[in-house]
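Chain and residue survey
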Amino acid sequence: MHADLLIRNVQLATLESASAADAYGTIRKGALAVSGARISWLGPEQDLPASISAAREIDGEGGCLTPGLIDCHTHLVYAGNRVAEFEQRLQGASYEEIARAGGGILATVAATREATEDQLLAASLPRLDELLAAGLTTVEVKSGYGLNLACERKMLRVARQMEKVRPVRVVTTFLGAHTLPPEFAGRPDEYLDLVIAELLPVLHTESLIDAVDAFCETIGFSPAQTRRLFAAAQRLGLPVKLHAEQLSDQGGAALVADFRGLSADHLEWLSPAGIEALARAGTVAVLLPGASYFLRQSKRPPISELRAAGVPMAVATDCNPGTSPLTSLPLAMNMACTLFGLTPAEALAGTTRHAARALGILDQTGTLTVGKEAHLALWAINQPAELAYHLGYRPLRLRVFGGKVTHVSSA
């Protein structure tokens, strides 16, 4: 047996066969082999085939080897910042008040429309680099700061370009129904007609869209409008996901579940009916503790009820300029534990296995499984719970993307 890469002397957190006794799917004193871009063998090191040879062998020194982290909800591509709004909120202004006064998302729309593709890429890459340095191998990137064909195309092209200049997998989501652009003020249905008739089909034809999202809120789009958009996405064969129940209960979780959506995201105001709908549809609940923290929200997602219903829970950064300028999945994991009540094992599953499911790619990545893509993270820690325990510490020793070592810690 020949492998391109062999990592020995590690604790494998496979996230594949979790149980009550071992929530991480642990293989102690393990080893993992990579052939080409995929995992070709894993198990206890003592069971390694005697005939195995490897082009490169790495001693993991007893550290933890996990799937590469997956950020399944970001708004990574944008121009400018919204630090002034941060100050306004600290002085008592609410998110809704700022948005209704012309700030919020529209402020970022204006800055992003002004930027060229090259400027957007240059502004966004440092944020991506921060995520990569903290163990990321796959990231979802939404549009939604363009709100017209040219600028939504520009954002999605930049997201696709990231894969060419960094060792990362990018999944793109069309968020044309993010907010109402100023040129359509007071005419939401007309704007939605444009999104459905022009933006969505054109960008889909150009292979720029992997999924479709919307902001279903009192300051966003109504459930009826969201349903129209999702029906159009479904006709094109595109999966859907939804910003749901962040600021109020609009029944968004049940709506996206009706379409067998990939995920419902935020969920602070999620109702029992919404939980039941998510469980029935197998839709992932994506938790975004960075936004809850940054907005100082007192309402929390109903974690115990989601857990009891068996709804898979993912964790993401929601990296964006207005409500979650967060570029560390381990920090998001810590917040999910300290603010929302997840266990460290649930937080790690939320940034690997369940995050992959929320992007529709669990058959390809998200667990340490023979045959899956070799996207890996080796950590200089003694136990996987440390990933959610540390604050501001980067224990990443080694990052592997597609079977190639792309990051080695200088420590």
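Here we summarise the structure given alongside this text. What you see is a predicted model, and the numbers here were worked out from it, not measured in a lab. (Residues numbered from 1 in each chain as written. Predicted model: local features only at pLDDT ≥ 70, side-chain atom pairs only at ≥ 80, totals over all residues. Heavy atoms only, no water.)

Some points on the overall build of the chain
Across its full length, the chain carries 15 helices and 16 strands. Here the C-alpha atoms of the chain give a radius of gyration of 21 Å, agreeing with the 22 Å that 2.2 N^0.38 yields for 411 residues. When its C-alpha atoms are laid out on the principal axes, the chain stretches across 70 × 45 × 45 Å. Expressed as a percentage of the 411 residues in the chain, the buried residues total 58%. Counting contacts in the chain only where the partners sit at least 6 residues apart, residues at least 24 apart contribute 71% of the total. Only carbon and sulfur atoms are counted for the fraction: they give 51% of the accessible area of the chain, which is about 15500 Å². (Helix = DSSP H or I, 4+ residues; strand = E, 2+ residues; numbered from the N terminus. Rg over C-alpha atoms; globule rule 2.2 N^0.38 Å. Buried < 20%, exposed > 50% of the residue type's maximum accessible area, 1.4 Å probe, protein only. Contact = heavy atoms within 4.5 Å. Areas by Shrake-Rupley, 256 points an atom, 1.4 Å probe, with all protein chains shown as cover.)

Some thoughts on the sheet that holds strand β8 (residues 169–177)
Judged by pairing direction, the sheet is parallel, and its 4 strands sit side by side in the order β6-β7-β8-β9 without closing on themselves. Only two strands of the sheet have a single partner each, and these edge strands are β6 (69–71) and β9 (211–214). Across this sheet, the average inter-strand angle for adjacent strands is 20 degrees, counted without regard to direction. (Pairing = 2+ DSSP bridges. Axes fitted to C-alpha atoms, helices over the stretch in contact; angles between N-to-C directions.)

Remarks on the pattern of salt bridges
For the coordinates displayed, the defined rule picks out 20 salt bridges. As a salt-bridge pair, E183 and R113 come within 2.9 Å of each other at their nearest N and O atoms. Of the two residues, E183 is situated in the loop between β8 and α6 (188–205) and R113 in helix α3 (residues 105–114); the sequence distance between them amounts to 70 residues. Overall, the relative accessible area of 36% leaves E183 in the partly exposed class. With relative accessibility at 24%, the residue R113 sits in the partly exposed group. Across the pair D258 and R227 runs a salt bridge whose closest N-O atoms are separated by 3.2 Å. Pair noted here: D258 is in helix α8 (residues 252–258) and R227 is in helix α7 (residues 223–235), with a separation of 31 residues, a long-range link. R227 sits in the partly exposed class, given a relative accessible area of 38%. When salt bridges that share partners are traced, they join E140, K142, D213 and K241 into one network. (Salt bridge = Lys/Arg side-chain N within 4 Å of Asp/Glu carboxyl O.)

As for a nonpolar patch on the surface
A cluster of nonpolar side chains, namely V83, F86 and L90, defines an oily patch on the protein surface of about 260 Å² accessible area. Tracing the chain through its elements places F86 in helix α1 (residues 83–90). (Patch = residues over 30% accessible without salt bridge, like charges linked within 9 Å, V, L, I, M, F, W, Y side chains within 5 Å.)

Considering the packing of aromatic side chains
Evaluation of the coordinates by the stated rule reveals 5 aromatic pairs. With centroids separated by 5.4 Å and ring planes inclined at 55 degrees, the aromatic side chains of F184 and Y191 adopt a geometry described as tilted. Each member of the pair F184 and Y191 is classed as buried. Cluster of aromatic residues (ring-pair linked, three or more members): F184, Y191 and F221. The ring of Y78 is capped by R127, whose NZ or CZ atom sits 3.6 Å from the centre of that ring. Above the plane of the ring of W269 lies K299, whose end atom (NZ or CZ) is 4.7 Å from the centre. (Phe/Tyr/Trp six-rings, centres within 6.5 Å; stacked < 30°, edge-to-face > 60°. Lys NZ or Arg CZ within 6 Å of the ring centre and 35° of its normal.)

Details of the state of the cysteines
In a disulfide, the sulfur atoms of two cysteines are covalently bonded to one another. Inspection of every chain in the model, using the stated rule, returns 0 disulfides. Unpaired in this structure, C337 has its nearest cysteine sulfur neighbour in C64, at a distance of 15 Å. Its relative accessible area of 17% is what places C337 among the buried residues. (Disulfide = S-S within 2.5 Å.)

Observations regarding α6
Its 18 residues place the ends of α6 24 Å apart at the C-alpha level, agreeing with the 26 Å of an ideal helix rising 1.5 Å per residue. If you look at α6, its biggest bend is around 40 degrees, right at V195. Tucked inside the fold, the buried residues of α6 contact α5 (149–165), β8, β9 and α7. At the exit of α6 stands S207, carrying a positive phi of roughly 60 degrees. (Expected span 1.5 Å × (residues − 1). Bend = angle between axes of the 7 residues up to and from the residue.)

Details of empty space enclosed by the protein
For the structure shown, the criterion picks out 1 cavity of 30 Å³ or more. Its volume calculated, the largest cavity comes out at about 130 Å³. The wall of the largest cavity is formed by 13 residues, among which H75, Y95, H178, N320 and T323 lie closest to the centre. In the lining of the largest cavity, the residues fall into 4 nonpolar, 7 polar and 2 charged. (1 Å grid on protein atoms, 1.4 Å probe; cavity = no way out; pocket = protein on both sides within 12 Å on 5 of 7 lines; lining within 4 Å. Points joined across faces, edges and corners; volume = space filled by probe spheres on them. Nonpolar A, V, L, I, M, F, W, Y, C, P; charged D, E, K, R; others polar.)

Remarks on the pairing of strand β7 (residues 136–142)
Judged by how many residues are buried, β7 sits mostly within the fold: 7 of 7 residues are covered. Judged from the 3 bridges that link them, β6 and β7 form a sheet pairing that is parallel. When the bridges of β7 are listed, D71 appears paired with V139. The sheet contact formed by β7 and β8 spans 5 bridges and is parallel. Of the residues in β8, the one forming a bridge with K142 is T173.

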